[in-house]
Amino acid sequence: MSGKSRYEKVKLVFTDSIEITDFIRLDNSSLFYNQVIESIKKPLKMILIYGEPGTGKSILLNKIYHDLKEDRDIHFIQTPINDEKKFNKKISSILTRGVLETDNFSKIIEICQKLKGHKEYLVILDEAQIYSESIMESIRLLSDTRVVKFIITLHKTTTEDIVAKEQFKTRIWESIYLKNASLEDLEKYIQKKLINKNFYEIANQFSQKDILKIYDFTNGNFRETNKFLYTMFDIYHYYDINQPSKINYNKISKKIIEMAAIKLGYIDA
Amino acid sequence: MHEIVELEKRWLRYKLKKLIFPLSILAIIFIAALLFLFIDFSKFYPSNESQSNNETVVIKKIEQHIDADVQVESTKNRQPIQPQIAVQNRQVILQAYEPKINLSNETTQEKENQSIQEENIVLDKSLQHQTDSKKAQAPQKNSKAVLNTSESKSNNLDIFTRSENEMDPRMIEQRFNETNNVRYAIFLAKYYYDSKDYEKSYRWAFTVNQLDPISEEGWLFFAKSLYKLDRKDDAVKVLKNYLNHYRSQAAQDTLRQIIQGVL
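What you see is a predicted model, and the numbers here were worked out from it, not measured in a lab. Each chain carries its own residue numbering, running from 1 in the written order of its sequence. Chains and ligands are labelled by the order in which they are written, letters from A for the one and numbers from 1 for the other. It should be noted that, the model being predicted, local features are given only for residues of pLDDT at least 70 and side-chain atom pairs only at 80 or more, the latter also being counted only at that level, while totals for whole chains, interfaces and linings use all residues. For side-chain calculations, the full set of non-hydrogen atoms in the structure is used, while hydrogens and water are omitted.

## A word on the overall build of chain A
Helix and strand counts for chain A come out as 12 helices and 5 strands. The cut-offs for exposure are 20% and 50% of the maximum accessible area for each residue type, with area from a 1.4 Å probe on protein chains only; residues under the lower value are buried, those over the upper are exposed, and the others partly exposed. Of all 269 residues assigned to chain A, the portion counted as buried reaches 51%. Residue contacts are defined here by distance: any two heavy atoms, one from each residue, within 4.5 Å place the two residues in contact. Summarising the internal contacts of chain A: among those between residues at least 6 apart in sequence, 78% fall at separations of at least 24. Computed with a 1.4 Å probe, the accessible areas rest on the Shrake-Rupley method; for each residue, only the protein chains presented here act as cover. For chain A, the exposed surface amounts to about 13000 Å²; the carbon and sulfur share of it is 47%. Only DSSP runs of H or I reaching four residues or more are called helices, and only runs of E reaching two or more are called strands; each is numbered from the N terminus.

Okay, structure coming up:
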């Protein structure tokens, strides 16, 4: 494909990212955000945020991190560290503000004992289901010192209910379940995403029926919706450059929605 | 680029697949509507099938009444005569008429005259035979028997009459050919007489007389048909001959009407 098309930029709106600028305030996301903020204020050892992949957990945590980083000692570990020594070094670095990096867990506990009552660190762990059992045990012990408060996110799986795990049962005082967007939220999400990037014209091309069709395919999952719309505008991009006569620039093409669904496997054709 | 072209082809296939289902439903609805219309029209223009069904119902009715008739006859007045004499008479008649049993060939006047003569002979024979064998029986009882038989049979014929409009006589003829039951022949004689087809009525009455020479209805329709075929003398002769052997009010009435020319 060659040449320039406005759809090339439109499709980039829907790239999967957890950038703070991509956070869209919806009824549900605002509710979850406030819930987490309130939970942080409480004297909890651990806060669990769980939900299916693509429900906006990571971006919510990123938003919280950015909003609180000026006022609190908050740290966001986006990429899980599965090596125990590296994890210990990271924690010790957080506790000593980079002065000491040790992989000796006993020493870290000692530091925590010293800091108890004087300092409280907030550590956000994304994708916590990836952490090994031994690291999870370390997290449990660290949270018991009440010097480190963990906010962890987990994927809700059908085979393994992390919330039910023994090490979390006694410690989690707050668990927040993130759900997929409702139809109304999904519509707002798409509209706001496009408007935030000044694609007003494109935003206006979406009808209720188009949104409903996309919702039927993605079930209101943000990640799936992003993927869907990216693919859809990628097809638009192709037609805009190669066969512009096939595009109605006043409304979203049902054909292109269905083509995107076929490409992503939502429709078996 | 190639990917999008391929995707478009897949989309076209998907749309076609999606259209097949509603089109099939439409086709089914269309066919169902056509069938419905066809069934609807068939109410106004009955098909052969429905006619045949009606005929089957009528035939069943006839058969039921034949059974009932047989029961009445076997339990009432005709009981002493029926079992032995009728069988004997049939044998005599069948022997006498064997060469001329094919009714369809009898079209000429000569044949009809000949057959009348033969009928008379048979009637004489059969009646004589019965008279001989039933001398001991009281005349009044005989008359009563005939009257009772006449009543019950006329009841049956009424039922046939009710059914006549609904049926095809060809079906009854077919049934007769299959069963050789005299009641079908009586019915057909009456049917053709009422339909003013006196040739056929005559022939079927003739058949009745062959099968059951003591059948009052057979002789009455035979005489009435002859009268209608402008053979009044033959009709009178037949009835008088019958009355020589039986006291039959119906036969007397018919004879009087024929003589007076008011039939």
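There is more to say after this.
## Observations regarding helix α2 (residues 27-41) of chain A
The span one expects for a helix is its residue count, reduced by one, times 1.5 Å. With 15 residues, α2(A) extends 22 Å from end C-alpha to end C-alpha; this agrees with the ideal 21 Å at 1.5 Å per step. Every buried residue belonging to α2(A) is among A:Ser29, A:Ser30, A:Phe32, A:Tyr33, A:Val36, A:Ile37, A:Ser39 and A:Ile40, and all of these are buried.

## What about the confidence of the model for chain B?
Residue and element names in this part refer to chain B. Residues with a pLDDT of 70 or more make up 51% of chain B, whose mean pLDDT is 69. Contacts of residues 72-108 to residues separated by more than four positions or lying in other chains number 66 contacts, the stretch itself having pLDDT below 50. Confidence drops under pLDDT 50 across residues 130-164; counting only partners more than four residues distant or on other chains, this segment forms 59 contacts. Scoring the predicted complex yields pTM 0.53 and, for the interface, ipTM 0.75. The predictor reports its confidence for every residue as pLDDT, a score running from 0 up to 100.

## Some points on the pattern of salt bridges
The term salt bridge refers to a pairing of a side-chain nitrogen on Lys or Arg with a carboxyl oxygen on Asp or Glu at a separation within 4 Å. Going through the model one piece at a time under the given rule, you end up with 25 salt bridges over all chains. Between A:Lys227 and A:Glu224 there is a salt bridge, with the nearest N and O atoms lying 3.6 Å from each other. Of this pair, A:Lys227 and A:Glu224 both sit in helix α11 (residues 222-242), 3 residues apart, roughly one helical turn. The salt bridge involving B:Glu8 is made with A:Lys246; its shortest N-O contact spans 2.7 Å. Residue B:Glu8 is found in helix α1 (residues 2-44), and its partner A:Lys246 is found in the loop between α11 and α12 (254-263); the two belong to separate chains. Several salt bridges converge on common partners, so that one network encompasses A:Lys45, A:Glu137, A:Arg140 and A:Asp144.

## Let's talk about the nonpolar core
Side chains of a nonpolar character, in soluble globular proteins, are inclined to be buried together. Counting 40 residues, the largest nonpolar core has A:Ile190, A:Leu194, A:Phe206, A:Met232 and A:Phe233 as the members making the most contacts within it. For this core, the secondary structure elements donating two or more residues are α1 (6-13), α8 (183-196), α9 (200-205), α10 (208-218), α11 and α12 of chain A together with α1 of chain B. Setting aside chain neighbours within four positions, we find A:Leu194 in contact with A:Val10, A:Val13, A:Phe14, A:Phe199, A:Ile202, A:Ala203 and A:Phe206. The definition of a nonpolar core used throughout is a set of buried Ala, Val, Leu, Ile, Met, Phe, Trp, Tyr and Cys residues joined through side-chain atoms within 4.5 Å. Membership of the second largest hydrophobic core comes to 37 residues, among which are B:Val182, B:Tyr191, B:Ala235 and B:Leu239.

## Describing the packing of α11(A) against α12(A)
Residues and elements named next belong to chain A. A fitted line through C-alpha atoms represents every axis, and for helices the fit uses only the stretch in contact; the resulting angles, taken between N-to-C directions, go from 0 to 180 degrees. Direction vectors running N to C along α11 and α12 enclose 120 degrees, while the axes themselves pass 9 Å from each other. With respect to each other, α11 and α12 are oriented oblique. Where α11 crosses over α12, the handedness of that crossing is right-handed. Across the interface between the two elements, Phe-228, Thr-231, Met-232, Asp-234, Ile-235, Tyr-236 and Tyr-239 from α11 touch Lys-255, Ile-256, Ile-257, Met-259, Ala-260, Ala-261 and Lys-263 from α12. A class-by-class count of the residues in the contact of α11 with α12 yields 10 nonpolar, 1 polar and 3 charged. Every angle not falling under 35 degrees, over 145, or within 65 to 115 is termed oblique; those three ranges are roughly parallel, roughly antiparallel and roughly perpendicular. Should the near helix be turned counterclockwise from the far one by less than a right angle, the crossing is left-handed, whereas a clockwise turn marks it as right-handed. Residues are grouped as follows: Ala, Val, Leu, Ile, Met, Phe, Trp, Tyr, Cys and Pro are nonpolar; Asp, Glu, Lys and Arg are charged; every other residue, Gly included, is polar.

## Section: the interface of chain A and chain B
Taken together, the contact between chain A and chain B spans 13 residues of the former and 12 residues of the latter. Throughout, the accessible surface (probe 1.4 Å) given up by two parts as they are put together, summed over both, is called the buried area. Summed over both sides, the interface of chain A with chain B buries roughly 1400 Å², with 61% coming from carbon and sulfur. On the chain A side of the interface with chain B, the three residues burying the most area are A:Tyr238, A:Ile262 and A:Ala269, jointly 36% of the side's total. Here chain A is connected to chain B by 5 salt bridges. In protein, a polar contact means a hydrogen-donor-capable atom and an acceptor-capable atom, both N or O and within 3.5 Å, with residues adjacent in sequence counting only if both atoms are side-chain atoms; elsewhere, any N or O pair within 3.5 Å suffices. Viewed at the interface, chain B and chain A are joined by 6 residue pairs in polar contact (both at pLDDT 80 or more). The set of elements that each furnish at least two residues to the side of chain A that touches chain B consists of α11 and α12 of chain A. When residues of the side of chain A that touches chain B are assigned to their parent elements, the largest contribution, 6 residues, is made by α12(A). Residues belonging to the side of chain A that touches chain B are distributed by class as follows: 7 nonpolar, no polar and 6 charged.

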